[in-house]
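Geometric and topological summary
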Amino acid sequence: MRFIVIGITDHPAPFFPPEVKSIISQGRVFSGGKRHHEIVAPILPEGAEWIDITVPLDAVFERYREVEATEQTTPLLQEGLGEVIIVFASGDPLFFGFANTIRSRMPEAEVIVYPAFNSLQMLAHRLLMPYHDMRIVSLTGRPWHEFDRALIERAPKIGILTDREHTPAAIAQRMLDYGFTYYNIYIGEHLGNPSQERVTTLSLEEAVNKDFSLPNCVIVATDAHDAKPFGIADTAFALLDGREKMITKMPIRLLTLQALDLPRRHVLWDIGACTGSISIEARLQFPHLQVVAFEIRPECEAIIQENARRFGTPGITLRIGDFRSVDCGSGIVPSPPDAIFIGGHGGHLQEIMAKALRYLAPGGVIVMNSVKAPRVTTDSHRLWDEACRELGLRQEPPMHLQINDYHPITILKCRK
C-alpha cells in the first residue's frame, strides 16, 4: 500500500507543481483534516472518496486498511505499486506531521512526501529571521516538558507549535512566572492565507492579555541571557520556617546528583523534598529529566513552588502527602522512575523503600544521605542497611563527607 502525503498551507487556492497536480487528478481515495478538505475540494476528481482524519485515529487507519482490501482500478494502481491513498497535511508532513503517524502505525506501507513550508518556517520568513539555529518544540497535544527544557537550557530562539491549551498567552505567562522575562514573542496567525494572515511582535507582558486566532504558531527569541548557575547558593532558597539545616547543602547536593547518575536517567523521584533543593538543582542541571517531588508537609508546597519560580525550573511535578499512601500511578509521569532520592523517611525507611522499589525501573538507583549528629536518635545508616538486606538491594561503597563545621554525612547508594 502507498500513501502520497502532500503538504499544503492555509492558502485558499494552493499552488501545486505539475507532478502533484497529475497525482491528484489520478487519485481515487483522499484524506486529511476538515480544513484541508475545504481547501482542496474544488480540485479533487469527480467521484473522489474522502476520509476525514479525526480522533480516535484507530478508526481512520481501519478505513485505510479497508481501502487496501478493495480491488478498484485507478491509473496509480495500474503502476503496480498497490492501492494509493493521497493525504493532505499541513506544511511539511514530516515536521511533527501525519507522515510520521503513518510510518509508526503502518510501517509496511510506502510513504511518499511532497512538502510545503511549515508554519514556523513561514513565520521566520515573514520576520526575515534566520532559523537555522532555532530550537523546535511542539506543544500540540503534548505537555510542557520539552518547552520547559528549552528554557532551562537557555535556548536563544525557540519555535513553538501551539494548540487550544498551549496558547501564545499561556506560553508568555509561563515564561514570566519562571523569570524568563528577557524574551520577545512573535505570533503568526493563519500563515499562508492572504486574507487572514497576521504577524505580531510583542513583549511577554503584552502577550498575556491578548487572544490569537487558530491556527497560530510562536517564536520566542532573545539576545540576552542570565547565566545558569552550577550549584545554587544555600542562602538563595526560601526555607521551611527559616531552618537552614533543613536544606541539603550545595556541595552535598551536587555530589548527590552525581551519585544518582542523572545524565543517563530519565525520571527522578525526590521523596521528602522539603524545600525542593534536590528537585530544583536536578531540573536545573539536567533539564531532560522528568522530576517528581513528594513531600508530607502541606506547608512545603508553596515553598517548593516559590523556589522553582525563583530559579527558573518549571515542570516539577509535586505530590503532597505521606509517600506510603500517596498515589504513585502511571499518571504522574509517562514512565517509571530510574533514579530515586530519599531526603526524609520519618523512621519508616524500609516501608518507603519497599514501595519505591515496586515502581523503580530495572537498573535504577536509590540514594540517601545519612547524617551523623549527636542529637539524632535514629540511626538512618543502620536502617538503610537493614532495608537493603531485607529487600535484596545491592549496595555500592558509601561516600563519607564533612562540609566545614556541619555534621558528617554519608551518601548511600543501592541498585535494583
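In what follows, the accompanying structure is described. Keep in mind that this is a model prediction, so the values were computed, not measured. (Residues numbered from 1 in each chain as written. Predicted model: local features only at pLDDT ≥ 70, side-chain atom pairs only at ≥ 80, totals over all residues. Heavy atoms only, no water.)

Section: the overall build of the chain
Looking only at helices and strands, one finds 13 helices and 17 strands in the chain. Based on the C-alpha atoms only, the size of the chain along its principal axes is roughly 85 × 50 × 30 Å. Residue burial in the chain is summarised as follows: out of 416 residues, 50% are buried. Sequence-distant contacts, at least 24 apart, represent 69% of the contacts inside the chain between residues at least 6 apart. Surface exposure of the chain reaches about 19800 Å², of which carbon and sulfur atoms provide 52%. (Helix = DSSP H or I, 4+ residues; strand = E, 2+ residues; numbered from the N terminus. Buried < 20%, exposed > 50% of the residue type's maximum accessible area, 1.4 Å probe, protein only. Contact = heavy atoms within 4.5 Å. Areas by Shrake-Rupley, 256 points an atom, 1.4 Å probe, with all protein chains shown as cover.)

A closer look at the environment of Arg-63
Mapped onto the fold, Arg-63 is located in helix H3 (residues 57–69). When its relative accessible area of 28% is taken as the criterion, Arg-63 is described as partly exposed. Separated by 191 residues in sequence, Arg-63 and Leu-254 place their C-alpha atoms 54 Å apart. With sequence-adjacent residues up to four places away left out, Arg-63 is seen in contact with Glu-49 and Ile-51.

Brief notes about the nonpolar core
Judged by nonpolar contacts, the single largest core of 30 residues is most densely connected at Leu-257, Leu-260, Leu-262, Leu-268 and Leu-289. Sorting the residues of this core by element identifies helix H9 (250–259), helix H10 (277–285), strand S12 (290–295), strand S14 (339–342), strand S15 (365–371) and strand S17 (409–415) as the ones contributing at least two each. Looking at this core element by element, the count peaks at four residues for H10. Residues Phe-323, Ile-332, Val-333 and Ile-366 belong to the second largest nonpolar core, which totals 27 residues. (Core = buried A, V, L, I, M, F, W, Y, C linked by side-chain atoms within 4.5 Å.)

Side note on the side chain of Arg-253
Looking at the secondary structure, you find Arg-253 in helix H9. A polar contact of 2.6 Å, which involves the side chain of Arg-253, links it to the side chain of Asp-234. Among residues more than four places away in sequence, those in contact with Arg-253 are Ile-232, Asp-234, Phe-237, Ile-247, Thr-248, Ser-277, Ile-278 and Glu-281. (Polar contact = N/O pair within 3.5 Å; in protein donor to acceptor, adjacent residues only side chain to side chain.)

What about the pattern of salt bridges?
A complete count under the given rule lists 23 salt bridges for this structure. Through salt bridges with shared partners, a single network forms among Arg-28, Glu-49, Arg-63 and Glu-66. (Salt bridge = Lys/Arg side-chain N within 4 Å of Asp/Glu carboxyl O.)

Observations regarding the sheet that holds strand S5 (residues 110–114)
Strand order in the open sheet formed by five strands is S3-S2-S4-S1-S5, with parallel pairing between adjacent strands. Across the chains shown, the open sheet's two edge strands, defined by having one partner strand only, are strand S3 (49–52) and S5. Taking each pair of neighbouring strands and ignoring which way they run, the sheet shows an average axis angle of 25°. Examined bridge by bridge, strand S2 (residues 29–32) and strand S4 (residues 84–90) share three bridges and lie parallel to one another. Residue pairing in the sheet places Phe-30 in a bridge with Ile-86 of S4. In this fold H3 packs onto strand S1 (2–8), S2, S3 and S4, with an angle of close to 155° to the strand it touches most, S3. (Pairing = 2+ DSSP bridges. Axes fitted to C-alpha atoms, helices over the stretch in contact; angles between N-to-C directions.)

A short note on H10
With respect to burial, H10 is a largely interior element, nine of its nine residues being buried. For H10, the complete set of buried residues consists of Ser-277, Ile-278, Ser-279, Ile-280, Glu-281, Ala-282, Arg-283, Leu-284 and Gln-285.

Considering the packing of aromatic side chains
Under the definition given, this model contains 15 aromatic pairs. Judged by centre distance (6.2 Å) and plane angle (15°), the rings of Trp-50 and Phe-88 are stacked. Of this pair, Trp-50 sits in strand S3 while Phe-88 sits in strand S4, and the two are 38 residues apart along the sequence. Using a relative accessible area of 16% as the deciding quantity, one classes Trp-50 as buried. On the accessibility criterion, Phe-88 (1% relative accessible area) is buried. When the ring of Phe-95 is compared with that of Phe-96, the centres are 5.2 Å apart and the planes differ by 85°; the resulting orientation is edge-to-face. Site record: aromatic cluster; members linked through ring pairs are Phe-3, Phe-61, Tyr-64 and Phe-98. Taking the ring centre of Tyr-178 as reference, the NZ or CZ of Arg-309 above it sits at 5.5 Å. One Lys or Arg, Lys-355, reaches over the ring of Phe-323 and ends 5.1 Å from the middle of that ring. (Phe/Tyr/Trp six-rings, centres within 6.5 Å; stacked < 30°, edge-to-face > 60°. Lys NZ or Arg CZ within 6 Å of the ring centre and 35° of its normal.)

Let's talk about the sheet that holds strand S16 (residues 394–401)
Spatial strand order, S13-S12-S11-S14-S15-S17-S16: seven strands in an open sheet with mixed pairing. The sheet is open, and its two edges are formed by strand S13 (317–320) and S16, each paired on a single side. Neighbour-to-neighbour, the strand axes of this sheet turn through a mean angle of 15°, independent of strand direction. Bridge count between S15 and S17: seven bridges; the pairing is antiparallel. Each bridged residue has a counterpart across the sheet, and for Val-371 the counterpart in S17 is Ile-409. Sitting on the sheet, helix H11 (residues 300–310) is in contact with S12 and S13, with an inclination near 165° to S13.

Comments concerning the packing of H9 against H10
Relative orientation of the contacting elements H9 and H10 amounts to 65°, with a least axis distance of 10 Å. Considering the relative orientation of H9 and H10, their crossing is right-handed. Across from Arg-253, Leu-254, Thr-256 and Leu-257 in H9, the residues of H10 making contact are Ser-277, Ile-278, Glu-281, Ala-282 and Gln-285. Class assignment for the residues of the contact of H9 with H10 results in four nonpolar, three polar and two charged. (Left-handed = near helix turned anticlockwise from the far one by under 90°. Nonpolar A, V, L, I, M, F, W, Y, C, P; charged D, E, K, R; others polar.)

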